[in-house]
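An overview of the molecular structure
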Amino acid sequence: MSVDRIEEAGTGGGAEAAAAAAAVRYYPVAPGVRLNVRSGPGTGYTIVRVLPEGAMVPVFCQTPGTTVTGPYGTSSIWDNIADGEYVSDAYVHTGSDGYVASRCG
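Please read these numbers as outputs of a predicted model, since none were measured by experiment.

Another point: the overall build of the protein. A count of helices and strands for the protein gives two helices and seven strands. Order of helices (α) and strands (β) in the protein, N terminus to C terminus: α-α-β-β-β-β-β-β-β. Here the protein, with 105 residues, has 39% of them falling under the buried criterion. Total accessible area on the protein stands at roughly 5,700 Å², and carbon and sulfur atoms take up 50% of it.

Encoded structure:
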């Protein structure tokens with residue numbers, strides 16, 4: 001789900017908007033890490049921005065991509081944190097080695 005769809009749903013004020021907003025959880029990025037945000041689910045994609053230390057990220061959906069080793073293990077899961085923005089799940093403390101959100105697309 002893209003950020004735009006959440007914002008549009010949020011302006012309606014209905015039960016559907018509340019359910020969509022409740023489905024998105026925020027997770028902390030590993031301590032002391034400035035995390036690259038990429039345009040797609042892999043290290044070959046362009047870096048679009050860098051998250052500061054102490055960032056919390058929303059996980060709208062998750063998708064497989066390049067395998068990365070980070071503070072939370074080795075993972076091929078990538079977290080969609082905004083429209084066209086992905087971070088490796090190996091750097092996000094979700095409390096799970098598996099998927100914690102629906103698959104993207």
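From this point, the narrative continues.
We now examine the confidence of the model for the protein. Per-residue confidence for the protein gives a mean pLDDT of 87; residues scoring 70 or more make up 79%. In the model, residues 1–12 has pLDDT below 50 throughout and makes 15 contacts with residues more than four positions away in sequence or in other chains.

What follows concerns the state of the cysteines. For the structure shown, the criterion picks out one disulfide. A sulfur-sulfur distance of 2.0 Å marks the disulfide that ties Cys 61 to Cys 104. A torsion of 100° about the S-S bond marks the disulfide between Cys 61 and Cys 104 as right-handed. In this pair, Cys 61 sits in strand E5 (residues 61–70) while Cys 104 sits in the segment after strand E7 (85–88), placing the two residues 43 residues apart along the sequence. Residue Cys 61 is classed as buried on the basis of its relative accessible area of 3%.

With respect to the helices, strands and loops of the structure, Tyr 86 is situated in strand E7. Through-space distance from the C-alpha of Tyr 86 to that of Gly 42 is 8.1 Å; in sequence the pair is 44 residues apart. Filtering out sequence-adjacent residues up to four positions away, Tyr 86 remains in contact with Asn 36, Val 37, Arg 38, Ser 39, Gly 40, Pro 41, Thr 63, Trp 78, Asp 79, Asn 80 and Cys 104.

Attention now goes to the pattern of salt bridges. The final tally for this structure, using the stated rule, is one salt bridge. A salt bridge links Glu 85 to Arg 49; the nearest nitrogen and oxygen atoms lie 2.8 Å apart. Remark: Arg 49 occurs in strand E3 (residues 47–51) and Glu 85 occurs in strand E7; sequence separation between them is 36 residues.

Criteria and thresholds
- Residues numbered from 1 in each chain as written.
- Predicted model: local features only at pLDDT ≥ 70, side-chain atom pairs only at ≥ 80, totals over all residues.
- Heavy atoms only, no water.
- Helix = DSSP H or I, 4+ residues; strand = E, 2+ residues; numbered from the N terminus.
- Buried < 20%, exposed > 50% of the residue type's maximum accessible area, 1.4 Å probe, protein only.
- Areas by Shrake-Rupley, 256 points an atom, 1.4 Å probe, with all protein chains shown as cover.
- pLDDT = per-residue confidence, 0-100.
- Contact = heavy atoms within 4.5 Å.
- Disulfide = S-S within 2.5 Å.
- Salt bridge = Lys/Arg side-chain N within 4 Å of Asp/Glu carboxyl O.

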